[in-house]
Structure formats: C-alpha cells, structure tokens
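Okay, here's what each chain looks like letter by letter:
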Amino acid sequence: MVRTILLHIGNELLRGETINTNAATISRLLFEAGYPVLRHCVVGDDPYDIQKALLDSCAEADFVICTGGLGPTTDDLTADAAAQAFGVALKENPKAWKMVQDRFAFLGRDPTGKDRKQAVVPDGSVILENAWGTAPGFYVRHKSATAF
C-alpha cells in the first residue's frame, strides 16, 4: 500500500479563519483512487514547523502532499522550507517563471516583482502546472519519499 500524508500549511487554518476544504477533497479523491491517507498534519507559516513536518512526513510516507504556502506574499514559505529541509538551494526555474507569466497574461495582468518569487523552487524540483492559481507546483524526491 502506498503511504500518503497530507501536510496543510497556513496560519489561517490553525486560527480557524479558513475551512480546510483541501483536506476533505484530496483525501476523498485519493481514497477513491485506492490510496487512503495515513494522516493530515496542519502547521502554521513557520519555517521550522514546515521543515520538521516535511522531514517527519517523508520519513513515514511514500508521498507527502502539501497544500498552501506557494504564493507571492511573505508568509508563503513552503518552497524555502522544503529547500532547507532537504538541504538544497533555492533556484529560479525558467519553466516555472514562464508559467507564472502565462498565467498572469491569461488573467489580463502583468506580474509584479514579488510575483517572481513563485518561480523560485528547491533545486532539482520537477515543476507542475497549476490551472487554478498563479504559482506552479513542484515535487521533489527526498530519500524514499516524494513531496508535492
């Protein structure tokens, strides 16, 4: 059986300001596909907490699916925390930057300087398209786990 942990990131979740619909939706879809989730973990926008949760989850699961923390604001720390946790550098990815630019063009807007942050990912990451938001996703292998 594939072991999967969902890691949800954001102070708004811990404060109850936002209902974590990602938890139910992703769990249901994974269960229907034959991949039941071992557990959900929720952490705030704290780099140490994100790093620890990533490393702990990767030590126990085959797949770690993270939600939150990829936007352009100062509290979006997932990419940086992943790079720190996995001991790799952060790098701007040209494919990710093109995706950000294309998404903004689709929305009829120009990306600002802070939006470029969404193209900075842990070195060695594989970039994933995002049809709903402006930040591309990514996955990275760590030991025997894959973190999305």
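This text goes with the structure placed above it.
Taking 1.5 Å of rise per residue, the 12 residues of helix α2 (residues 21–32) would be expected to cover 16 Å, and the 17 Å separating its terminal C-alpha atoms lies within 8% of that figure. Of the residues flanking the end of α2, it is Gly34, one or two places downstream, whose phi is positive at about 95°.

Bringing the sheet that holds strand β1 (residues 4–9) into the picture now. Taken together, 6 strands build an open sheet; the order of strands is β2-β1-β3-β8-β7-β6 and the sheet is mixed. A single partner strand is all that each edge strand has here, and the edge strands are β2 (37–43) and β6 (126–128). Neighbour-to-neighbour, the strand axes of this sheet turn through a mean angle of 20°, independent of strand direction. Here β1 pairs with strand β3 (residues 63–67) via 5 bridges, running parallel. Note that in β3 the partner of His8 across the bridge is Thr67.

For soluble globular proteins, the rule of thumb is that nonpolar side chains tend to be buried together. Counting residues in each nonpolar core, the largest one holds 29 residues, and the members touching the most others are Leu7, Ile50, Leu54, Val64, Phe86 and Ala147. Listing elements by their share of this core, those giving two or more residues are β1, α3 (47–60), β3, α4 (78–86), α5 (94–106), β7 (137–142) and β8 (145–147). The contacts of Leu7, once residues within four sequence positions are left out, are Cys41, Val43, Ala53, Leu54, Val64, Ile65, Cys66 and Thr67.

Conventions and cut-offs
Residues numbered from 1 in each chain as written. Predicted model: local features only at pLDDT ≥ 70, side-chain atom pairs only at ≥ 80, totals over all residues. Heavy atoms only, no water. Helix = DSSP H or I, 4+ residues; strand = E, 2+ residues; numbered from the N terminus. Expected span 1.5 Å × (residues − 1). Pairing = 2+ DSSP bridges. Axes fitted to C-alpha atoms, helices over the stretch in contact; angles between N-to-C directions. Core = buried A, V, L, I, M, F, W, Y, C linked by side-chain atoms within 4.5 Å. Buried < 20%, exposed > 50% of the residue type's maximum accessible area, 1.4 Å probe, protein only. Contact = heavy atoms within 4.5 Å.

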